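# Breakdown of the fold
Each chain, letter by letter, is given below.
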Amino acid sequence: MSFSDITTEDKRRVLGEFTEVKAEFASRGWFAGTGGNLSMRIGPYSSERFYFAVTASGKDKTRSTPEDFLFVDQDGKPCEATALKPSAETSLHREIYRLTGAGAIFHIHSVFNNIVSEWFWDRRAVPIQGVELIKAFNIWEEDARIDVPILTNYADVPRIVPEITERLDPRVPGLLIRKHGICAWGKDAFEAKKHLEAFEFLFEYVYRWELLNRGKP
């Protein structure tokens, strides 16, 4: 199936979901300075061929306009004639879709995810153990532990892609970029949002727990 075979109704559905998610995240202050981006896959999927909608570069995500999103293919190239440019992190979304077949990917910047990404940089992962919200990732073992990978924050964003390929953990639907932000994904927009919210709770928990325990014997 080519992009031209995707129905107008499917495109409208995806853009409608995007608008709702973008408005909610903006209300939480997760898009400071136009940072962050969202994407959602549309149409059939194979790891070699897929399409997704992604936020346009440089837009104020606290506002809603007809030029907030554009559709791109598995190479990040626009599927329709447009003057819009896809988000600078589109190459990261492409690789996550290729590896996971996810339905949606949300990338936001927050104070807590930036702090913990630096705090645990020497380990290259944020360790989280025994916290209830780990269950949001469908991990149900008692006292479960996860390690959220931290990737290098290259200014040339495509240089991050090989680290995604090497470090992605199928159990953990998220990756942190050092002093940058979290990419979280799920089978659809609902699940991606649930995972993102869980990560943000867990990062704040880890940060506050580390502060409480500093200096203890």
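Residues numbered from 1 in each chain as written. Predicted model: local features only at pLDDT ≥ 70, side-chain atom pairs only at ≥ 80, totals over all residues. Heavy atoms only, no water.

### Focus on the sheet that holds strand β4 (residues 104–108)
We count it as follows: We treat two strands as partners when DSSP finds at least two bridges between them. Helix and strand assignments come from DSSP, with helices taken as H or I runs of at least 4 residues and strands as E runs of at least 2, each series counted from the N terminus. Every axis in this analysis is a line fitted to C-alpha atoms, fitted for helices over the stretch in contact. Angles between the N-to-C directions lie between 0 and 180 degrees.
Read across the sheet, eight strands follow the order β3-β2-β1-β4-β8-β7-β6-β5 without closing on themselves; strand pairing throughout is mixed. Strand pairing shows two members of the sheet lacking a second neighbour, β3 (69–73) and β5 (125–129), which therefore form its edges. Between one strand and the next, the sheet's axes are offset by a mean angle of 20°, whatever the strand orientation. Sheet topology places strand β1 (residues 37–46) next to strand β2 (residues 49–55); five bridges connect them, and they run antiparallel. Its bridge partner lying in β2, Ser-39 is registered against Val-54.

### Examining the packing of helix α3 (residues 111–119) against helix α5 (residues 189–213)
The condition is simple: Oblique is the label for every angle not falling under 35 degrees (roughly parallel), over 145 degrees (roughly antiparallel), or within 65 to 115 degrees (roughly perpendicular). Helix crossings fall into two classes, left-handed where the near helix is turned counterclockwise from the far one by less than a right angle and right-handed where it is turned clockwise. When checking whether two residues touch, look at their non-hydrogen atoms; a contact exists if any pair is within 4.5 Å.
Running from amino to carboxyl end, α3 crosses α5 at an angle of 55°, the nearest separation of the two axes being 9 Å. The orientation of α3 with respect to α5, classified from their angle, is oblique. In this structure, α3 crosses over α5, and the sense of that crossing is left-handed. In this structure, α3 contributes Phe-112, Asn-113, Ile-115, Val-116 and Trp-119 to the contact, and α5 contributes Glu-200, Phe-203, Glu-204, Val-206, Tyr-207, Arg-208, Glu-210 and Leu-211.

### A closer look at the side chain of Glu-200
So the rule is basically this: Throughout this description, buried means an accessible area under 20% of the type-specific maximum (1.4 Å probe, protein chains only), exposed means over 50%, and partly exposed covers the range between. Within this scheme the basic residues Lys and Arg register as positive and the acidic residues Asp and Glu register as negative, but His and the chain ends are omitted. A pair is scored as a salt bridge if a Lys or Arg side-chain nitrogen falls within 4 Å of a carboxyl oxygen belonging to Asp or Glu.
Mapping Glu-200 onto the fold places it in helix α5. At 8.4 Å, Arg-28 is the nearest oppositely charged side chain to Glu-200, a buried residue that forms no salt bridge. Sequence-distant contacts of Glu-200, defined by excluding residues within four places in its chain, comprise Trp-30, Ile-108, Ser-110, Asn-113 and Ile-182.

### Some details on helix α1 (residues 8–27)
Definition in use: Multiplying 1.5 Å by the helix residue count minus one yields the expected span of that helix. Throughout, the arc means the angular range of directions from the helix axis out to the C-beta atoms.
Taking 1.5 Å of rise per residue, the 20 residues of α1 would be expected to cover 28 Å, and the 29 Å separating its terminal C-alpha atoms lies within 8% of that figure. Along α1, the residues that are buried comprise Lys-11, Val-14, Phe-18, Val-21, Lys-22, Phe-25 and Ala-26. Taken around the axis of α1, the buried residues stretch over an arc of 130°, which confines them to a single face. Structural note: α1 exposes Glu-9, Arg-12, Glu-20 and Ser-27 on the side pointing more than 90 degrees away from its buried face. Those residues of α1 that are buried lie in contact with β1, β2, β3, β4 and α5. A positive backbone phi angle near 75° is found at Gly-29, which sits one or two residues after α1.

### As for α5
Here is the rule we go by: Pairs of N or O atoms within 3.5 Å make up the polar contacts considered here, provided that, within protein, one atom can donate a hydrogen while the other can accept it, and that residues adjacent in sequence are counted only when both atoms are side-chain atoms.
Taking 1.5 Å per residue as the helical rise, α5 with its 25 residues ought to reach 36 Å, and the 36 Å between its terminal C-alpha atoms agrees with that figure. Buried within α5 we find Ala-189, Glu-191, Ala-192, His-195, Leu-196, Ala-198, Phe-199, Glu-200, Leu-202, Phe-203, Val-206 and Tyr-207. The N-terminus of α5 is capped by Asp-188, whose side-chain oxygen sits 3.3 Å from the backbone nitrogen of Phe-190.

### Things to note about the pattern of salt bridges
Applying the stated criterion to the full structure yields 13 salt bridges. Between Glu-118 and Arg-178 there is a salt bridge, with the nearest N and O atoms lying 2.7 Å from each other. Of the two residues, Glu-118 sits in helix α3 while Arg-178 sits in the loop between β7 (174–177) and β8 (181–186), which places them 60 residues apart along the sequence. Its relative accessible area of 32% is what places Glu-118 among the partly exposed residues. Across the pair Asp-147 and Arg-145 runs a salt bridge whose closest N-O atoms are separated by 2.9 Å. For Asp-147, a relative accessible area of 31% gives the class partly exposed. Salt bridges sharing common partners tie together Glu-24, Arg-28, Lys-193 and Glu-197.

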